[in-house]
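Fold and contact review
Each chain, letter by letter, is given below.
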Amino acid sequence: MVDRENDEEESQIEECTICGGDIIVDSYCEEDDIVYCNDCEAEYLIRSTDPIRLKRLDDEDVDDAEDSYDEEDE
Ligand SMILES: [Zn+2]
């Protein structure tokens with residue numbers, strides 16, 4: 001009797017940039033899904049799943065500290 005279906009479900013743990021808590025990224029999560037910090041419930045958008053990259057959604061002041069893509073030349 002083989003009963004190891006659960007082995008397929010590997011969750012990744014990412015660290016919250018706000019409180020250092022755990023953010024569970026389940027194996028079935030995809031890009032553009034929303035995940036939450038276990039501790040402070042901050043929202044994160046999954047920008048990439050391999051490797052996992054999260055972007056915080058709670059940016060209250062949206063200053064271009066991160067990336068500034070203001071150039072629109074082609
Ligand atoms: Zn947190």
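See the structure shown above.
Attention in this report is confined to the structure presented alongside it. (Residues numbered from 1 in each chain as written. Predicted model: local features only at pLDDT ≥ 70, side-chain atom pairs only at ≥ 80, totals over all residues. Heavy atoms only, no water.)

1. Quick word on the pairing of strand β2 (residues 22-25)
In β2, alternate side chains face the same way, and those of Ile23 and Val25 are buried while those of Asp22 and Ile24 on the opposite face are not. Between strand β1 (residues 12-15) and β2, which pair antiparallel one after the other, the connecting turn spans 6 residues, and Gly20 there sits at a positive phi close to 80°. (Buried < 20%, exposed > 50% of the residue type's maximum accessible area, 1.4 Å probe, protein only. Helix = DSSP H or I, 4+ residues; strand = E, 2+ residues; numbered from the N terminus. Pairing = 2+ DSSP bridges.)

2. Quick look at the environment of Ile18
Locating Ile18 in the fold gives a position in the loop between β1 and β2. With 23 residues separating them in the primary sequence, Ile18 and Glu41 have C-alpha atoms 10.0 Å apart. Discounting residues that sit within four places of it in the chain, Ile18 has contacts with Cys40, Ala42, Tyr44 and Arg56. (Contact = heavy atoms within 4.5 Å.)

3. Comments concerning the coordination of the zinc ion
Tetrahedral metal sites with four donors have an ideal angle of 109.5 degrees; octahedral sites with six donors have ideal angles of 90 or 180 degrees. Cys16 (SG), Cys19 (SG), Cys37 (SG) and Cys40 (SG) make up the full set of protein donors to the zinc ion, lying at 2.3 Å. Because the angles between the 4 donor atoms bound to the zinc ion fall within 104 to 116°, the donor set is best described as tetrahedral. Linear spacing of the donor residues for the zinc ion on their chain is C-x2-C-x17-C-x2-C. With a gap of 18 residues between them, Cys19 in the loop between β1 and β2 and Cys37 in the loop between β3 (34-36) and β4 (43-49) connect regions that are remote in the sequence. We classify Cys19 as partly exposed; its relative accessible area is 39%. Owing to a relative accessible area of 2%, Cys37 belongs among the buried residues under this scheme. (Donors = N, O, S within 2.8 Å, 3.2 Å for Na, K, Ca; no water. Tetrahedral: all angles 85-135°; square planar, octahedral: opposite > 155°, others 65-115°.)

4. Observations concerning a nonpolar patch on the surface
Together, Ile34, Tyr36 and Leu57 line one region of the surface with nonpolar side chains, adding up to about 260 Å² of accessible area. With respect to the helices and strands, Tyr36 occurs in strand β3. Tyr36 sits in the partly exposed class, given a relative accessible area of 44%. (Patch = residues over 30% accessible without salt bridge, like charges linked within 9 Å, V, L, I, M, F, W, Y side chains within 5 Å. Areas by Shrake-Rupley, 256 points an atom, 1.4 Å probe, with all protein chains shown as cover. Salt bridge = Lys/Arg side-chain N within 4 Å of Asp/Glu carboxyl O.)

5. Focus: the environment of Ser11
Tracing the backbone through its elements, the reader meets Ser11 in the segment before β1. With relative accessibility at 39%, the residue Ser11 sits in the partly exposed group. A C-alpha to C-alpha distance of 8.6 Å links Ser11 and Tyr28, two positions 17 residues apart in sequence. Those residues in contact with Ser11 that lie beyond four places of it in its chain are Ile24, Val25, Asp26 and Ser27. Within the structure, the side chain of Ser11 is placed 2.9 Å from the side chain of Asp26, a separation counted as a polar contact. (Polar contact = N/O pair within 3.5 Å; in protein donor to acceptor, adjacent residues only side chain to side chain.)

Distances and angles like these do not, on their own, reveal function.
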